[in-house]
Amino acid sequence: MTTDTRDAATQDRVFDSVAELFSVLSTPIRLKIISAVCQGEKNVSELLSEINTTQPNMSQHLSMLYRSGVLSKRREGTQVFYRLQSERVATLCRAVCTQVAIELDGQEPVDPSNRLLPAAHR
């Protein structure tokens, strides 16, 4: 295998992994869950008190985040507590959400070449 072929294969794996991560993070409720557990672990009841959704819907999203490796969990009696598995995911989410919040706020000028949002969303 040539160096160029190896580099292309590595690049493909990177893009595939990033696309998979973005797919996991593509639902607003999952971003809310990540935000809620950034400061420490929470059980399902605590998450439901912060995030407006049903218990079955919350469980489905928690399960997806757990299976994908974004969250880890521990059981204490009948309660299940969730926490971030990787601080890198929280850092990524914070960076993107902060940038989008700046663009939506519109108080700070953002060069069009640096915008994350298409013009229709502003």
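Cut-off values and rules
Residues numbered from 1 in each chain as written. Predicted model: local features only at pLDDT ≥ 70, side-chain atom pairs only at ≥ 80, totals over all residues. Heavy atoms only, no water. Helix = DSSP H or I, 4+ residues; strand = E, 2+ residues; numbered from the N terminus. Areas by Shrake-Rupley, 256 points an atom, 1.4 Å probe, with all protein chains shown as cover. Axes fitted to C-alpha atoms, helices over the stretch in contact; angles between N-to-C directions. Parallel < 35°, antiparallel > 145°, perpendicular 65-115°, else oblique. Contact = heavy atoms within 4.5 Å. Salt bridge = Lys/Arg side-chain N within 4 Å of Asp/Glu carboxyl O. Buried < 20%, exposed > 50% of the residue type's maximum accessible area, 1.4 Å probe, protein only.

What follows concerns the overall build of the protein. Along the protein, the regular secondary structure elements total five helices and three strands. For the protein, the exposed surface amounts to about 8400 Å²; the carbon and sulfur share of it is 52%.

For the rest of this paragraph, the subject is the packing of helix 2 (residues 28-37) against helix 4 (residues 55-67). Here helix 2 crosses helix 4 at 75°, and the two axes come no closer than 10 Å. By the angle between their axes, helix 2 is roughly perpendicular relative to helix 4. Mapping the contact onto sequence places Ile29, Arg30, Ile33 and Ile34 in helix 2 and Asn57, Met58, His61, Leu62, Met64 and Leu65 in helix 4.

Looking now at the pattern of salt bridges. In a structure, side chains of opposite charge can pair up when their charged atoms sit close to one another. What the rule picks out here adds up to five salt bridges. When the shortest N-O distance is used, the salt bridge between Glu41 and Arg74 registers 2.4 Å. One end of the pair, Glu41, is in the loop between helix 2 and strand 1 (42-43); the other, Arg74, is in strand 2 (residues 71-76), with 33 residues separating them in the sequence. Residue classification places Glu41 among the partly exposed positions, given a relative accessible area of 29%. For Arg74, a relative accessible area of 31% gives the class partly exposed. Across the pair Arg74 and Glu76 runs a salt bridge whose closest N-O atoms are separated by 2.8 Å. Of the residues examined, Glu76 reaches a relative accessible area of 45% and is grouped as partly exposed. Members of the salt-bridge network, linked through shared partners, are Glu41, Arg74, Glu76 and Arg83.

On their own, these measurements won't tell you what the molecule is for.
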